[in-house]
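Summary of the model geometry
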Amino acid sequence: MMWGMIPPWHQGDYKSHGLSTNNCRIENVLNSKLYSGSLKKGYRCVVICDGFYEWQTTKGKNKQPYFIYSPQQNGLRPEVLEDWNDAAWSDSKGWSGPIPLLMAGLFNEWHSPENDIKYSYSVITMEATDVFSWLHHRMPAVLNSDEQVRSWLDYEGVPYRDALEYLTPVKNLSSHPVSNLVNNSKNKDSTCNKPVSLKTESKSSLLMKAWLKKGSLEKKSNENEPSAKKMKSLDS
């Protein structure tokens, strides 16, 4: 599916509707012209990902990006590609890889004038809990138990009002700061979700490092001089 629900009434190019539909606020979903229809039809889905990015808006003017993901076990890391590649599923042991992040969503099917069908979805969001409010005032509706997932997907057995009640703010999320490389959505590098240090070095520390580096290079250069040249220098 395409992320960002296409309004069912939209005509023309499906990319040109001009609305921001990546996220759906849970507080407004029942009265929303765009989302209430999907909710009442039972078009409920689970968005599976390794994590998502959020920019800290609670400190200063510089928006520091963070990678948000489910708490992990056994030393596995969602930002390590090898951990995913080495993962496997078995009926006896279950999933052996990193724990994915599961978010509640709504989807829709849109028909073009040529009757082509496009499926698209939006992620449901809610007010952030203390575990997330230091970073942003909103957070996705994370499903962190099998019961929540089953209830959200069981559109026949669980009425939509009851299903919404199952969506409560999660209190256990992990995160780490990442490079500003993610500020440009065109960057798809594998380092985008790798942790970075936010420590800033003082000017005196940087000056000392530069001085030590210069001294090391001069010493190395002197050691590499031909022995005859060194002897001439000593004789003089």
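Everything in this summary refers to the structure shown in the same document. Only a predicted model underlies this, so the values are computations on that prediction, with no experimental measurement involved. (Residues numbered from 1 in each chain as written. Predicted model: local features only at pLDDT ≥ 70, side-chain atom pairs only at ≥ 80, totals over all residues. Heavy atoms only, no water.)

**Quick notes on the overall build of the protein chain**
Along the backbone of the protein chain there are 7 helices and 11 strands. Expressed as a percentage of its 236 residues, the buried residues of the protein chain come to 36%. For the protein chain, the share of sequence-separated contacts (at least 6 apart) that also reach a separation of at least 24 residues comes to 60%. Total accessible area on the protein chain is roughly 15600 Å²; 51% of this is exposed by carbon and sulfur atoms. (Helix = DSSP H or I, 4+ residues; strand = E, 2+ residues; numbered from the N terminus. Buried < 20%, exposed > 50% of the residue type's maximum accessible area, 1.4 Å probe, protein only. Contact = heavy atoms within 4.5 Å. Areas by Shrake-Rupley, 256 points an atom, 1.4 Å probe, with all protein chains shown as cover.)

**Here's the deal with the packing of aromatic side chains**
On inspection of all chains with the given rule, the structure shows 7 aromatic pairs. With a centroid separation of 5.6 Å and an interplanar angle of 50 degrees, the aromatic rings of tyrosine 53 and phenylalanine 67 are classed as tilted. With tyrosine 53 in strand 4 (residues 52-55) and phenylalanine 67 in strand 5 (residues 65-69), this residue pair connects regions lying 14 residues apart in the sequence. Members of the aromatic cluster, joined through ring pairs, are Tyr53, Phe67 and Tyr69. A cation over a ring is seen here: lysine 33 above tryptophan 9, with NZ or CZ 4.5 Å from the ring centre. Sitting above the plane of the tryptophan 152 ring, arginine 44 keeps its charged end 5.2 Å from the centroid. (Phe/Tyr/Trp six-rings, centres within 6.5 Å; stacked < 30°, edge-to-face > 60°. Lys NZ or Arg CZ within 6 Å of the ring centre and 35° of its normal.)

**A word on the layout of surface pockets**
Estimates place the volume of the largest pocket at around 840 Å³. In terms of lining, the largest pocket is formed by 34 residues, of which the most central are Trp3, Gly51, Phe52, Tyr53 and Trp55. Looking at the lining of the largest pocket, its residues break down into 16 nonpolar, 10 polar and 8 charged. (1 Å grid on protein atoms, 1.4 Å probe; cavity = no way out; pocket = protein on both sides within 12 Å on 5 of 7 lines; lining within 4 Å. Points joined across faces, edges and corners; volume = space filled by probe spheres on them. Nonpolar A, V, L, I, M, F, W, Y, C, P; charged D, E, K, R; others polar.)

**A look at the pattern of salt bridges**
Enumeration according to the criterion identifies 3 salt bridges in this entry. Its salt-bridge partner being arginine 77, residue glutamate 79 comes within 2.8 Å of it at the nearest N-O pair. A relative accessible area of 7% means that glutamate 79 is categorised as buried. The salt bridge partner of arginine 138 is glutamate 127, with a shortest N-O separation of 3.3 Å. Here arginine 138, found in strand 10 (residues 138-140), pairs with glutamate 127, found in strand 9 (residues 117-127); they are 11 residues apart in sequence, far enough to count as distant. (Salt bridge = Lys/Arg side-chain N within 4 Å of Asp/Glu carboxyl O.)

**Observations concerning the nonpolar core**
Residues Leu106, Phe132, Trp152, Leu167 and Leu173 are the most contacted members of the largest nonpolar core, which totals 37 residues. Contributing elements (two or more residues each) for this core: strand 3 (44-49), strand 5, strand 8 (101-111), strand 9, helix 4 (146-153) and helix 5 (160-165). In terms of residues, this core owes the most to one element, strand 8, which gives 5 residues. Apart from residues no more than four positions distant in its own chain, phenylalanine 132 is found in contact with Phe52, Glu54, Ile68, Arg138, Met139 and Leu173. (Core = buried A, V, L, I, M, F, W, Y, C linked by side-chain atoms within 4.5 Å.)

**Overview of the sheet that holds strand 4**
With respect to topology, 3 strands assemble into an open sheet ordered 4-5-11, the strand pairing being antiparallel. Of all strands in the sheet, those bounded by a partner on one side alone are strand 4 and strand 11 (174-177). Put simply, the sheet's adjacent strands are angled 30 degrees from each other on average, direction ignored. In the sheet, strand 5 pairs with strand 11 via 4 bridges, with the strands oriented antiparallel. When the sheet's bridge partners are listed, tyrosine 69 is paired in strand 11 with serine 174. (Pairing = 2+ DSSP bridges. Axes fitted to C-alpha atoms, helices over the stretch in contact; angles between N-to-C directions.)

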